[in-house]
Amino acid sequence: MTSLQAPAARVPLYLSILVALHVAIVIASNYLVQLPIKLFGFHSTWGAFSFPFIFLATDLTVRLIGKHSARRVIGRAMLPALAASYVVGVLFHDGGFNGLGALAEFNTFVFRIAFASFAAYVLGQLLDIQVFDRIRQRHLAWWLAPAASAVIGQWFDTAAFFSIAFWHSPDAFMAANWVEIAWVDYVIKLGVSLAFFVPAYGVLLAAITRWLRPVPPVAVAP
């Protein structure tokens with residue numbers, strides 16, 4: 001499949017929507033990663049189910065308006081996502097609302113999680129863009145680029161996030177289990193991406209292609 005060409009006048013609107021979407025997903029994931037779950041006897045978090053949405057949005061961005069614009073989305077979203085993630089993390093630490101007064105004192109634990117998310121987001125998304133674009137340009141099967149970029153991008157994202165956030169963490173549970181949780185999260189995110197988001201990418205790409213395709217002029221009878 002070749003690149004789609006979105007109308008130039010619409011690109012600023014697309015960028016604004018995508019930046020807001022990326023920030024929202026990062027905030028939600030930073031909150032959900034604080035909520036542990038057990039799957040088939042393994043420790044994980046709810047964040048494993050929310051973060052793959054970002055890879056779907058990024059891959060569609062590269063296809064729709066190119067990798068340079070996708071990098072602009074990352075550049076614009078990363079600092080607001082860091083700040084908002086910290087605020088939400090402090091207000092809802094441990095899953096409960098702590099009141100606005102919690103913001104009066106700097107929370108190093110939450111900031112470490114927010115910074116880990118920031119670093120993992122930038123690394124994972126830039127790798128996702130690079131891998132996706134390289135494979136896409138070779139005009140291979142439509143599903144190969146999003147699948148390969150998910151495998152590579154999410155591995156680095158997951159490894160960076162958990163190692164920065166929870167290695168020697170003051171949270172005893174996460175400090176003891178972060179390697180297991182990271183592996184389980186990666187498997188879950190990859191499974192969700194390959195089973196649901198890659199097909200969703202195909203459906204959305206087909207819909208966007210039809211939407212952007214110029215309507216042929218109607219022939220007028222002489």
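What counts as what
Residues numbered from 1 in each chain as written. Predicted model: local features only at pLDDT ≥ 70, side-chain atom pairs only at ≥ 80, totals over all residues. Heavy atoms only, no water. Core = buried A, V, L, I, M, F, W, Y, C linked by side-chain atoms within 4.5 Å. Buried < 20%, exposed > 50% of the residue type's maximum accessible area, 1.4 Å probe, protein only. Helix = DSSP H or I, 4+ residues; strand = E, 2+ residues; numbered from the N terminus. Contact = heavy atoms within 4.5 Å. Salt bridge = Lys/Arg side-chain N within 4 Å of Asp/Glu carboxyl O. pLDDT = per-residue confidence, 0-100. Phe/Tyr/Trp six-rings, centres within 6.5 Å; stacked < 30°, edge-to-face > 60°. Pairing = 2+ DSSP bridges. Patch = residues over 30% accessible without salt bridge, like charges linked within 9 Å, V, L, I, M, F, W, Y side chains within 5 Å. Areas by Shrake-Rupley, 256 points an atom, 1.4 Å probe, with all protein chains shown as cover.

### A closer look at the nonpolar core
Where a protein is soluble and globular, its nonpolar side chains tend to be buried together.
Thought 1: In this structure, Phe51, Ile54, Ile113, Tyr121, Phe161, Phe162 and Phe166 are the most contacted members of the largest nonpolar core, which totals 58 residues.
Thought 2: At the level of elements, helix H1 (11-32), helix H3 (52-65), helix H4 (67-91), helix H5 (108-136), helix H6 (144-166) and helix H7 (172-212) are the ones that each hand at least two residues to this core.
Thought 3: Top element by residues in this core is H5. It accounts for 13 residues.
Thought 4: Those residues in contact with phenylalanine 166 that lie beyond four places of it in its chain are Phe109, Arg112, Ile113, Phe161, Met174, Ala175 and Trp178.

### Examining unusual backbone geometry
Excluding glycine, residues mostly have negative phi values, and the peptide bonds linking residues are mostly trans.
Thought 1: With a phi angle near 55°, histidine 168 is a residue other than glycine that sits in the positive phi range.
Thought 2: One can find histidine 168 in the loop between H6 and H7.
Thought 3: Here histidine 168 falls in the exposed class, since its relative accessible area comes to 62%.

### Topic: the pattern of salt bridges
Thought 1: By the definition in use, this model includes 3 salt bridges.
Thought 2: In this structure, the salt-bridge partner of aspartate 133 is lysine 67, at a minimum N-O distance of 3.7 Å. With a gap of 66 residues between them, aspartate 133 in helix H5 and lysine 67 in helix H4 connect regions that are remote in the sequence.
Thought 3: Among the residues examined, aspartate 133 registers a relative accessible area of 3% and is labelled buried.
Thought 4: Several salt bridges share partner residues, and in doing so they unite Lys67, Asp133 and Arg136 into one network.

### A few points about the side chain of glutamine 154
Thought 1: Looking at where glutamine 154 falls in the secondary structure, it is placed in helix H6.
Thought 2: Once you skip the residues sitting within four places of it in the chain, glutamine 154 turns out to touch Pro52, Phe55, Ser149, Tyr186, Lys189, Leu190 and Ser193.

### Quick look at the confidence of the model for the protein chain
Thought 1: Here the protein chain averages 81 in pLDDT, and 89% of its residues register 70 or above.
Thought 2: The least confident element of the protein chain, judged by mean pLDDT, is strand E2 (residues 42-45) at 74; the most confident is H6 at 89.
Thought 3: This model gives residues 217-222 a pLDDT under 50, and the stretch forms 0 contacts once residues within four places in sequence are excluded.

### Let's talk about the packing of aromatic side chains
Each aromatic ring pair is specified by the distance between its two centres and by the angle formed by the two planes.
Thought 1: For the structure shown, the criterion picks out 14 aromatic pairs.
Thought 2: Between tryptophan 46 and phenylalanine 49 the ring centres are 5.7 Å apart and the planes differ by 45°, which places this aromatic pair in the tilted class.
Thought 3: With a centroid separation of 6.4 Å and an interplanar angle of 25°, the aromatic rings of phenylalanine 111 and phenylalanine 115 are classed as stacked. Of this pair, phenylalanine 111 and phenylalanine 115 are both found in helix H5, 4 residues apart, which corresponds to roughly one turn of the helix.
Thought 4: One aromatic cluster is present, formed by Tyr86, Phe106, Phe111, Phe115 and Phe118 through successive ring pairs.

### Quick look at the pairing of strand E1 (residues 36-39)
Thought 1: Pairing geometry for E1 and E2, over 4 bridges, is antiparallel. Bridge pairing in E2 places leucine 39 opposite phenylalanine 42.
Thought 2: Count of turn residues in the E1/E2 antiparallel hairpin: 2 residues, of which phenylalanine 40 carries a positive phi of about 55°.

### Quick notes on the environment of isoleucine 188
Thought 1: Inspection of the secondary structure assignment puts isoleucine 188 in helix H7.
Thought 2: As a C-alpha pair, isoleucine 188 and glycine 47 span 141 residues in sequence and 9.9 Å in three-dimensional space.
Thought 3: Excluding residues within four positions of it along the chain, isoleucine 188 makes contact with Leu39, Ser44, Ala48 and Phe49.

### Describing a nonpolar patch on the surface
Thought 1: There is a patch of nonpolar side chains on the surface, built from Leu123, Val151, Ile152, Trp155, Phe156, Val179, Trp183 and Leu194 and spanning about 670 Å² of accessible area.
Thought 2: Breaking the nonpolar patch down by element, the ones donating at least two residues are H6 and H7.
Thought 3: If you tally residues by element for the nonpolar patch, the top one is H6, at 4 residues.
Thought 4: With respect to the secondary-structure elements, isoleucine 152 resides in helix H6.

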